[in-house]
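A look at the structure
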Amino acid sequence: MQPATRLIHSGEGDLGHPAPLTTPIYETTTFLFESAAEVLAFNEGRSPKYLYSRYGNPTIVSAEQKVAALDGAEAALLFASGMAATSTILMALTGAGDEVICSAAIYGGTLHLLADLLPRFGLKPRFVSLDELAKPEAMFTDRTKVVWFESPINPTLRCVDVRKVANACRARGVVSVLDNTFASPINQQPLALGVDLAMQSATKYLNGHSDVTAGAVSGSKTLIERIDKARRLLGTITDPAPAYALARGMKTLTVRMERHNRNAQAVAEFLEQDRRVSQVYYPGLPAHPDHAIARAQMCGFGGMVCLDLGGSFDRVSRLFDHVHLFKRAVSLGGVESLISLPVLTSQWGHTDAQLAEAGITRGMARLSVGLEDPQDLIADLDQALG
Ligand SMILES: *Cc1c(COP(=O)(O)O)cnc(C)c1O
């Protein structure tokens, strides 16, 4: 063969012998078949082979198996982002005329997808308050197909009684979906609480190093197969390289979450006893309004802490400008501690009435407590409060 041909074909397609310990990045879009009979076997579901990376790829499947194992699920799927997971799940499970009940306190992207984009395809969203979620039997109509909710909720870390909502959905034959991003599967197991689908932005704790955008969903084989069909058509799967990085990050999730939980508790306790801070929101503090629910359904309270400086945007923006260790950035769940101001990010442009309804003030800062030494984090907040 000529050099051009050899250059392309040598060194490829011989993966049987190295027997690597860790799953490598299968950086390929397509897979080889030996014969028409092999393709036929694949089409008829009688073959473990792969066809095309938009359908599946060994690196991606390896990471998906980790997510399924973590969530205690029959199956899991990975996506290019949390929003790719959300949009694919909703498009797979609903059609024109169907109603989706969604917590009004929800991730901004989810809110706008349901309020602005999906209604153009005939979907009927209905947003419900925390009080309505506390009495879930009364929420449903005959057209309700999906209930979508979060716990803990950004930025106040209010918690919903997950089992209660899940049981009410199951009794009505409605699919329940919990966005478990803030808790992480180490601190909260949605499927064990009776939820049908556990969704999360893998961009956050699951990957944990602020360098991969990805999403995930876990659940029963039946539901996951329906979502997989939609994922093939929408093309919302992730790529092999980010799937590899995610699988690598996930291997340390347990030890990272233990440290996030401990650091956040220490930071929250420091802020709670500091007179310059008017309010601290952390589910691990007995004073948090949902501490009892959180204790009942979580085995750790997570790394997110919210504080209020008397409702004053002027004071909180000075705190924001004066921290050194906490980095001024959105997102969460990475090894680095981050600070953001809800009125400049998730609640940007909201009126005073909308903020009051969500229990949010202009003096709030949200902390994603990272893995630094807690004494250094507390010293940074102390000097910035000064
Ligand atoms: C970040 C986030 C999302 C969206 O995930 P992306 O990976 O950014 O698409 C969804 N829900 C919650 C709670 C999030 O924090």
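Please read these numbers as outputs of a predicted model, since none were measured by experiment.

In this structure, Pro 152 follows Ser 151 across a cis peptide bond, with omega equal to -5°. Positionally, Pro 152 belongs in the loop between β4 (144–150) and α7 (162–172). The backbone phi angle of Ser 210 is positive, close to 55°, even though this residue is not glycine. Tracing the backbone through its elements, the reader meets Ser 210 in the loop between β6 (197–201) and β7 (215–219). Unusually for a residue other than glycine, Ser 331 sits at a positive phi of about 75°. In this structure, Ser 331 sits in the loop between β10 (327–328) and β11 (338–340).

What follows is about the site of the ligand. Around the ligand sit 13 residues in total, of which Gly 82, Met 83, Asp 179, Thr 203 and Lys 204 are the nearest. Here an oxygen atom of the ligand sits 2.8 Å away from a polar atom, N or O, in the main chain of Met 83. At 2.8 Å, a side-chain N or O of Lys 204 approaches an oxygen atom of the ligand. Here the residues of the shell around the ligand sort into five nonpolar, five polar and three charged.

The next thing to look at is a nonpolar patch on the surface. A contiguous nonpolar patch, built from Phe 313, Leu 344 and Trp 348 and spanning about 340 Å² of accessible area, is present on the exposed surface. Locating Leu 344 in the fold gives a position in the loop between β11 and α13 (352–357).

What follows is about the packing of aromatic side chains. Using the criterion set out here, one finds four aromatic pairs in the structure. Ring geometry for Phe 33 versus Phe 42: centroids 5.9 Å apart, planes at 75°, classification edge-to-face. Since its relative accessible area comes to 18%, Phe 42 is described here as buried. Taken together, a centroid distance of 6.4 Å and an interplanar angle of 75° make the contact between Tyr 282 and Phe 301 edge-to-face. Taken together, the residues Tyr 282 in the loop between β8 (279–281) and α11 (291–297) and Phe 301 in the loop between α11 and β9 (304–308) connect sequence positions 19 residues apart. Residue Tyr 282 shares its accessibility class with Phe 301, and that shared class is buried. One Lys or Arg, Arg 231, reaches over the ring of Phe 79 and ends 5.7 Å from the middle of that ring. A cation sits over an aromatic face here: Arg 232 above Tyr 55, 4.3 Å from the ring centre.

What counts, and at which threshold
- Residues numbered from 1 in each chain as written.
- Predicted model: local features only at pLDDT ≥ 70, side-chain atom pairs only at ≥ 80, totals over all residues.
- Heavy atoms only, no water.
- Helix = DSSP H or I, 4+ residues; strand = E, 2+ residues; numbered from the N terminus.
- Near = heavy atom within 4 Å.
- Polar contact = N/O pair within 3.5 Å; in protein donor to acceptor, adjacent residues only side chain to side chain.
- Nonpolar A, V, L, I, M, F, W, Y, C, P; charged D, E, K, R; others polar.
- Patch = residues over 30% accessible without salt bridge, like charges linked within 9 Å, V, L, I, M, F, W, Y side chains within 5 Å.
- Areas by Shrake-Rupley, 256 points an atom, 1.4 Å probe, with all protein chains shown as cover.
- Salt bridge = Lys/Arg side-chain N within 4 Å of Asp/Glu carboxyl O.
- Phe/Tyr/Trp six-rings, centres within 6.5 Å; stacked < 30°, edge-to-face > 60°.
- Buried < 20%, exposed > 50% of the residue type's maximum accessible area, 1.4 Å probe, protein only.
- Lys NZ or Arg CZ within 6 Å of the ring centre and 35° of its normal.

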